[in-house]
Amino acid sequence: MNKREQYIEKLKAQLDEWNAEVAKWEAKTRSAQAGMRIEYEKQLESFRRQRDHGLEQMRMVQAETGDAWIDLVRGADDAWAKMREAFEKAQSHFHK
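Everything quoted here is computed from the prediction, not taken from an experiment.

## Quick word on the confidence of the model for the chain
Here's step 1: Overall, the predicted model of the chain reaches an average pLDDT of 92, with 99% of residues at or above 70.
Here's step 2: For the chain, per-element mean pLDDT is lowest for helix α3 (residues 69-94), which scores 92, and highest for helix α1 (residues 3-31), which scores 94.

Okay, structure coming up:
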């Protein structure tokens, strides 16, 4: 496995972990009272936006050939950092 594949696998593993937690939050949202449901949905939507951007960056890294992917790592890392922030913010709301 080359470095690009290792990098992509690391991102995918983190994403799988986050998605598993988000599935639990979605279930909690469905059973929440109206006031909390709105706040939960807001947090989920914020995370989903960041996740979509992160996935786009990851796909760009996957699509590059040769060493060109290295130039895209910064964008992917930035997207992942923002996704982590959104995840942690949402997590703080769901674990109150």
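## Looking at the packing of aromatic side chains
How two aromatic rings sit relative to each other is given by the distance of their centres and the angle of their planes.
Here's step 1: Tallied over the entire structure, the rule returns 8 aromatic pairs.
Here's step 2: Summarising the aromatic geometry, the rings of Trp18 and Phe47 are spaced 6.3 Å apart at their centres and angled 90° between planes, so their arrangement reads as edge-to-face. Highlighted residues: Trp18 in helix α1 and Phe47 in helix α2 (residues 34-63), separated in sequence by 29 residues. Both residues of the pair, Trp18 and Phe47, belong to the buried class.

## A few points about the packing of α1 against α3
Here's step 1: With their axes 11 Å apart at the nearest point, α1 and α3 run at an angle of 20° to one another. Viewed along their axes, α1 and α3 adopt a mutual orientation that is roughly parallel. When the axes of α1 and α3 are compared, the crossing they make is left-handed. Contacts between α1 and α3 involve Lys3, Arg4, Tyr7, Leu11, Gln14, Leu15, Trp18, Glu21, Trp25, Lys28 and Thr29 on the former and, on the latter, Trp69, Val73, Ala76, Asp77, Trp80, Met83, Arg84, Phe87, Ala90, Gln91 and Phe94.
Here's step 2: Here the contact of α1 with α3 is composed, by residue class, of 13 nonpolar, 3 polar and 6 charged.

Cut-offs used in this document
Residues numbered from 1 in each chain as written. Predicted model: local features only at pLDDT ≥ 70, side-chain atom pairs only at ≥ 80, totals over all residues. Heavy atoms only, no water. pLDDT = per-residue confidence, 0-100. Helix = DSSP H or I, 4+ residues; strand = E, 2+ residues; numbered from the N terminus. Phe/Tyr/Trp six-rings, centres within 6.5 Å; stacked < 30°, edge-to-face > 60°. Buried < 20%, exposed > 50% of the residue type's maximum accessible area, 1.4 Å probe, protein only. Axes fitted to C-alpha atoms, helices over the stretch in contact; angles between N-to-C directions. Parallel < 35°, antiparallel > 145°, perpendicular 65-115°, else oblique. Left-handed = near helix turned anticlockwise from the far one by under 90°. Contact = heavy atoms within 4.5 Å. Nonpolar A, V, L, I, M, F, W, Y, C, P; charged D, E, K, R; others polar.

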